[in-house]
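Chains, contacts and geometry: an overview
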Amino acid sequence: MNSVAAERATDPRVVLAVVSTGVLLSSLDLFIVNVAMPAMAADLGAGLTALSWVLNLYAIVFAALLVPAGRLGDRNGNRATFLAGLAVFVLGSALCSVAWNVESLVVFRIVQAVGCALLTPSSLALVLAATPPERRAGAVRLWVAFGGLGAALGPVIGGLLVELDWRWVFLVNVPIGLVALVIGVRTLPRPPAEHGPLPDLLGAVALIGAVGSSILAVVQGPEWGWTSPGVLAAFAVAVGLGVVFAVSSARHHSPVVDPALLRAPNFSLAAANSLVFQIAFAGMLLSVTLWAQNVWGWSALQTGAAIAPGPLVVPFVAVAAGKLINRIGSGPVIAAGGLAFGGGLLWWARAAELAPDYVSGMLGGMLLTGLGVGLTLPTAFAAGAGTLPPHRFATGTAVLSMARQLGLAVGVAILVALLGSPTTPAATLEAFQRAWYVTAAVAILAGLIGLGIRPTTPAVKPVDQQEPGLVAT
């Protein structure tokens, strides 16, 4: 089968259900592991500083491999890449559940990260390939919404599983992932692969090194010091390798990221919006977690339940946003999402008190931020990915996902810098208020960037009829 019509031989709803299971597992894993950190530290006899590499190296490897993995999927086949990624993720989860010390856990988390990097861009590429062009925006919104569902369920499920044993936070992925793997082998379509020349290997290595070094510098900046030799060296390596990547991409006949990709309709604006909005999202999520646990003294399970209403709103808003987008366009919807998200942060800045008061001090802001995420993230991702040509579905998705990961890392670093180390309750309240005001401004800025996104009509030719490079529709 060599046509786009053949790519959609499988029911798009089946494809979405299968691949979203992988996305949901990877999203759940991130938030569950955060909740389990103290239990891991106690059981493995390690400090939280050493154990932080369980999170940090995962983020570094995942972000660094996303684009090369997406290019691999486009060239060799997204079905095989997704199934391989899911299998590697399940294997990594099983290994994490039997880790005997911090070092082994960190290594096995890297295995998980490799699996996630393979399955994430290829999963959306399969959804896009199986969905008619006029319905792709809605499919992308649902795909993104599953990540929001993972954010909602992760802290709650994590709190429950940690009560049994922290190893269950990894072990729970195994049976679900195996079922999705078996169903995927039987039902996922086989969209045509590009099968072109090998992509620019030097550019791929340079991109991996540049992204990995930049993430390393950002996540370790607060701990090592922003002017420390390690952080400065990491930034220098990132810049140097970034130049190597740009030069190599401009000269190579098969670059990892085709420069024409950035000229696809709304793609650059969507990537910029994702980067900036994720800075605000990371600051929001970490700040409200620290506030509930460190200031109000709530347990991990209480905190997860308190956070859940916001992410639970996301899937419903993402689905309902379709009608609004049809009436006023994606740009205004994204802008409204930025304003709603910023409004939630301003709610906390004005209403939060040192004494616990969930209804007036947290719930309203949680619902507003959930509304903002539901309007912004799925809409921007759909605007950026919905008009990509089939032979660049996975690569384009990977670039957008990489922008999100960079934003998350930067957002955590900015929040840590804004909070500082207050020594009195009054200073603590002031520090959190300062952080919420700044994060609200970042969210509004993301909305303004998204306002520039314009309506487009996908006009996708079969792969064998497309001209070299990317088709600007």
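In what follows, the structure referred to is the one given above.
The following refers to the structure shown.

1. So, the overall build of the chain
- A count of helical and extended segments in the chain gives 18 helices and zero strands.
- The globule rule puts the C-alpha radius of gyration for 473 residues at 23 Å, and the 21 Å found for the chain is close to it.
- Dimensions of the chain, computed from C-alpha atoms along their principal axes, come out at roughly 65 × 50 × 45 Å.
- Among the 473 residues that make up the chain, the fraction classed as buried is 57%.
- Once local pairs closer than 6 in sequence are excluded, the contacts in the chain between residues at least 24 apart make up 84%.
- Counting only carbon and sulfur atoms, one obtains 69% of the accessible surface of the chain, whose full area is about 18300 Å².
- With 22 positive and 18 negative side-chain charges, the chain shows a separation of 11 Å between the mean positions of the two kinds.

2. Focus: the state of the cysteines
- The tally for this structure, following the rule as stated, stands at zero disulfides.
- With no disulfide of its own, Cys-96 lies 11 Å from the sulfur of Cys-116, the closest cysteine sulfur.
- In this structure Cys-116 comes out as buried when scored by relative accessible area, which is 1%.

3. Some remarks on the pattern of salt bridges
- Enumeration over the complete set of coordinates arrives at one salt bridge.
- For the salt bridge of Arg-167 with Asp-43, the shortest nitrogen-to-oxygen distance reads 3.6 Å. One end of the pair, Arg-167, is in the loop between α7 (136-164) and α8 (168-171); the other, Asp-43, is in helix α2 (residues 12-44), with 124 residues separating them in the sequence.
- On the accessibility criterion, Arg-167 (22% relative accessible area) is partly exposed.
- Overall, Asp-43 belongs to the partly exposed group, its relative accessible area being 46%.

4. Focus: the packing of aromatic side chains
- Within the structure shown, the criterion is met by 13 aromatic pairs.
- Look at Trp-166 and Phe-170: their rings are 6.3 Å apart centre to centre, the planes differ by 90 degrees, and that puts the pair in the edge-to-face class.
- Classification of Phe-170 by relative accessible area gives buried; the value is 0%.
- Look at Trp-348 and Trp-436: their rings are 5.9 Å apart centre to centre, the planes differ by 55 degrees, and that puts the pair in the tilted class. Taken together, the residues Trp-348 in helix α15 (residues 330-351) and Trp-436 in helix α18 (residues 425-450) connect sequence positions 88 residues apart.

5. Considerations on helix α13 (residues 300-307)
- Three or more residues of α13 are buried, namely Thr-303, Gly-304, Ala-306 and Ile-307. The arc that holds the buried residues of α13, viewed along the axis, is 165 degrees, so those residues lie on one side.

6. Considerations on the packing of helix α6 (residues 102-130) against helix α17 (residues 393-419)
- Where α6 meets α17, the axes come as close as 8 Å, and the angle between the chain directions of the two elements is 130 degrees. With respect to their mutual orientation, α6 and α17 come out oblique. Both α6 and α17 take part in a crossing whose hand is right-handed. Residues Thr-120, Pro-121, Ser-122, Leu-124, Ala-125, Leu-128 and Ala-129 of α6 lie in contact with α17, whose contacting residues are Phe-393, Ala-394, Thr-397, Ala-398 and Ser-401.
- Among the residues making up the contact of α6 with α17, the classes are represented as eight nonpolar, four polar and no charged.

7. Examining the side chain of Arg-141
- Locating Arg-141 in the fold gives a position in helix α7.
- Judged by its relative accessible area of 11%, Arg-141 falls in the buried class.
- Here Ala-318 takes part through its backbone oxygen, which lies 3.3 Å from a polar atom of the side chain of Arg-141.
- The residues contacting Arg-141, other than those within four sequence positions of it, are Ala-318, Gly-322, Ile-325, Pro-378, Thr-379 and Ala-382.

8. Some words on the nonpolar core
- Formed by 105 residues in total, the largest nonpolar core has its most connected members in Phe-82, Trp-143, Met-284 and Phe-341.
- It is helix α12 (residues 267-295) that provides the largest number of residues to this core, a total of 13 residues.
- The residues touching Phe-341, leaving out its near neighbours within four places in the chain, are Phe-277, Ala-280, Phe-281, Met-284, Leu-368, Thr-369, Gly-372, Val-373 and Ala-443.
- Met-40, Ala-46, Leu-55 and Val-102 belong to the second largest nonpolar core, which has 23 residues in total.

9. Re the side chain of Ser-123
- Secondary-structure assignment places Ser-123 in helix α6.
- Reaching out from Ser-123, the side chain makes a polar contact with the backbone oxygen of Thr-120 at a distance of 2.6 Å.
- Residues within four places of Ser-123 in sequence aside, it is in contact with Val-19, Val-23, Phe-82 and Trp-143.

Conventions adopted
Residues numbered from 1 in each chain as written. Predicted model: local features only at pLDDT ≥ 70, side-chain atom pairs only at ≥ 80, totals over all residues. Heavy atoms only, no water. Helix = DSSP H or I, 4+ residues; strand = E, 2+ residues; numbered from the N terminus. Rg over C-alpha atoms; globule rule 2.2 N^0.38 Å. Buried < 20%, exposed > 50% of the residue type's maximum accessible area, 1.4 Å probe, protein only. Contact = heavy atoms within 4.5 Å. Areas by Shrake-Rupley, 256 points an atom, 1.4 Å probe, with all protein chains shown as cover. Lys, Arg positive; Asp, Glu negative; His and termini not counted. Charge placed at Lys NZ, Arg CZ, Asp CG, Glu CD. Disulfide = S-S within 2.5 Å. Salt bridge = Lys/Arg side-chain N within 4 Å of Asp/Glu carboxyl O. Phe/Tyr/Trp six-rings, centres within 6.5 Å; stacked < 30°, edge-to-face > 60°. Arc of directions from axis to C-beta. Axes fitted to C-alpha atoms, helices over the stretch in contact; angles between N-to-C directions. Parallel < 35°, antiparallel > 145°, perpendicular 65-115°, else oblique. Left-handed = near helix turned anticlockwise from the far one by under 90°. Nonpolar A, V, L, I, M, F, W, Y, C, P; charged D, E, K, R; others polar. Polar contact = N/O pair within 3.5 Å; in protein donor to acceptor, adjacent residues only side chain to side chain. Core = buried A, V, L, I, M, F, W, Y, C linked by side-chain atoms within 4.5 Å.

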